[in-house]
Amino acid sequence: DILSRHVPSFPHTETVDGVSVWYLDEGSTLVHIPGALDEALRSALFNELAPGPDCPIRWEQHHIRTPRGDRVPLPRKTALLSDGQGAATSYEYSGITNLVQPMPESVKSLAQFINDIRGGTYNVAFANWYANGRTSHIGWHADAESMIDQECGIASISLGETGLFQILHKGEQKRLGATKAAKRVKIEAGRLVELYLCAGDLLFMLGKDFQSNWIHRVPKDKQRILARLNLTFRLLHCICLHMHICI
C-alpha cells in the first residue's frame, strides 16, 4: 500500500515499474501512472467527449469576475458528471454553478477502472475542456472542501494534448506569492513539483493533508496548440459543493 509505506524522510521520491510516487509530507502523496489507458481507449474517450453535436455531455461556458471586477469567460469549458449514488447535485465556485449531469457509460466504466486501482468509490467526475494551452488554463487552487472525501483522494485522467501540472506548497505560496514562487529557480527543495501529463496518464493526489498543504494548477503553455480534456474523480457526500479557483 503506497500510503502505508515507510519512507526515510520527506520529501521522498521513487519510481517502480514506471509509476512515480512523491511522498511530499506525512499526509500528502502524489502518484503518477503514465499510460494507464491504452491508445485505443484514450482516443475513443477523447473523441466521444469532445464538444460537438454528438457529445453525450453538456459542456458549459461560464464567466467569472477578475480581481479588477471585469466579467470574462472562464478559460475552459466544464461539466459535472455523477453516477447518481448520493453525490452532489451542483458544484459552485467563484460565483459559478455547474449542475450535475448523468455520467455517460464510458465515464462510468472509467470510474470503475480507477476505483479498482485505488480501492475507492469515486462517484463524481468534474470535466475540464482546454481548447489549447495558449488561452486555456486553471489557476492555483486546492480541492479542500469538507464535502470531498480526502481519505479517498482525487484521481485525474488526462486526454488529448499534453499539459504541464504544477503543485506548490502553501507555505511557499505565502512566503513568495504563488506567481513568483512558480517562476523562481531557487525554491526550497520539495516545495514545487512539476510534471507533464500526457494522454492516458492517471494521477492521484492522496492523503488527508494533501489539499490542506498543497495547491495545484495547469498554467498557460503557448507551445501546446491542441485541445486537452481532463476528468477529475472525487468521492462526494454532499448536496452542493462550494469552492474558489483563481483564473
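Residues numbered from 1 in each chain as written. Predicted model: local features only at pLDDT ≥ 70, side-chain atom pairs only at ≥ 80, totals over all residues. Heavy atoms only, no water.

## Some words on the overall build of the chain
We apply this condition: A run of DSSP states H or I qualifies as a helix once it reaches four residues; a run of E qualifies as a strand once it reaches two. Both are numbered from the N-terminal end. In this scheme, a residue with accessible area under 20% of its type's maximum is buried, one over 50% is exposed, and one in between is partly exposed, where area comes from a 1.4 Å probe on protein chains only. Every residue pair with non-hydrogen atoms within 4.5 Å of one another is taken to be in contact. Computed with the Shrake-Rupley method and a 1.4 Å probe, the accessible areas treat only the protein chains shown as cover for residues.
Across its full length, the chain carries 5 helices and 17 strands. Each of the 247 residues in the chain was classed as buried or not, and the buried ones make up 54%. At a minimum sequence separation of 6, the contacts of the chain that also span at least 24 residues come to 75%. As presented, the chain carries roughly 11700 Å² of accessible surface, and 52% of it is formed by carbon and sulfur atoms.

## Description of the nonpolar core
What counts, and what does not: Residues belong to one nonpolar core when they are buried, are Ala, Val, Leu, Ile, Met, Phe, Trp, Tyr or Cys, and are joined through side-chain atoms within 4.5 Å.
Counting 36 residues, the largest nonpolar core has Trp-59, Leu-110, Ile-114, Tyr-122, Phe-204, Leu-229 and Phe-233 as its most contacted members. With 4 residues, the single largest contributor to this core is helix 2 (residues 105-118). Grouped together as the second largest cluster of nonpolar side chains are 16 residues, Tyr-130, Leu-197, Met-205 and Val-218 included.

## Notes on the packing of aromatic side chains
Which entries qualify depends on this criterion: Aromatic rings from Phe, Tyr and Trp, with only the six-membered ring used for Trp, were paired whenever their centres fell within 6.5 Å, and each pair was classed as stacked if the ring planes differed by under 30 degrees, edge-to-face if by over 60, and tilted otherwise.
In total, this model carries 2 aromatic pairs according to the counting rule given. With a centroid separation of 6.2 Å and 55° between ring planes, the pair formed by Trp-59 and Trp-129 is classed as tilted. Of this pair, Trp-59 sits in the loop between helix 1 (39-49) and strand 4 (63-65) while Trp-129 sits in strand 9 (residues 124-130), and the two are 70 residues apart along the sequence. Among the residues examined, Trp-129 registers a relative accessible area of 12% and is labelled buried. Cluster of aromatic residues (ring-pair linked, three or more members): Phe-46, Trp-59 and Trp-129.

## Let's talk about the sheet that holds strand 12 (residues 163-169)
Rule in force here: Paired strands are those between which DSSP finds at least two bridges. What counts as an axis is a line fitted to C-alpha atoms, over the stretch in contact for a helix, and the angles between N-to-C directions run from 0 to 180 degrees.
Read from one edge to the other, the open sheet built from 4 strands follows the order 10-15-12-13, with strand pairing classed as antiparallel. The open sheet terminates on both sides in strands that have one partner only, identified here as strand 10 (138-141) and strand 13 (192-197). For this sheet, the mean angle separating the axes of adjacent strands, direction not counted, is 15°.

## Quick look at empty space enclosed by the protein
Defined as follows: Cavity and pocket criteria rest on a 1 Å grid covering protein atoms alone: a 1.4 Å probe that fits but cannot get out defines a cavity, protein on both sides within 12 Å along at least 5 of 7 lines defines an open pocket, and an atom within 4 Å of a point defines a lining residue. Grid points are joined across faces, edges and corners, and a volume is the space filled by probe spheres set on the points. Gly falls in the polar group here, along with every residue not listed as nonpolar (Ala, Val, Leu, Ile, Met, Phe, Trp, Tyr, Cys, Pro) or charged (Asp, Glu, Lys, Arg).
Summed over all chains, the structure comprises 2 cavities of 30 Å³ or more. Of the pockets and cavities examined, the second largest cavity occupies roughly 90 Å³. If you go around the second largest cavity, you meet 14 residues; those closest to its centre are Gly-133, Thr-162, Gly-163, Arg-224 and Arg-228. Residue classes in the lining of the second largest cavity are distributed as 5 nonpolar, 5 polar and 4 charged.

## A look at the pairing of strand 14 (residues 202-206)
Among the 5 residues in strand 14, 5 count as buried, and that is most of the element. Alternating residues of strand 14 divide into Leu-202, Phe-204 and Leu-206 and Leu-203 and Met-205, and every residue in both groups is buried. When strand 3 (residues 28-33) meets strand 14, the two strands line up antiparallel, connected through 5 bridges. Among the inter-strand pairings, Val-31 is bridged to a residue of strand 14, identified as Phe-204.

## Notes on the pairing of strand 16 (residues 228-234)
Strand 16 sits mainly inside the fold: 7 of its 7 residues count as buried. Burial along strand 16 is two-sided: Arg-228, Asn-230, Thr-232 and Arg-234 facing one way and Leu-229, Leu-231 and Phe-233 facing the other are all buried. Bridge analysis of strand 9 against strand 16 gives 7 bridges, and the strand direction is antiparallel. Residue pairing for strand 16: Tyr-130 is matched across the bridge by Arg-228. As paired elements, strand 11 (residues 154-160) and strand 16 share 6 bridges and run antiparallel to each other. Note on strand 16: the bridge partner recorded for Ala-155 is Phe-233.

## A closer look at the environment of His-6
By the secondary structure assignment, His-6 is in the segment before strand 1 (12-16). According to the relative accessible area criterion, His-6 is exposed, its value standing at 67%. With 17 residues separating them along the chain, His-6 and Tyr-23 place their C-alpha atoms 9.9 Å apart.

Coordinates in, geometry out; function isn't part of it.
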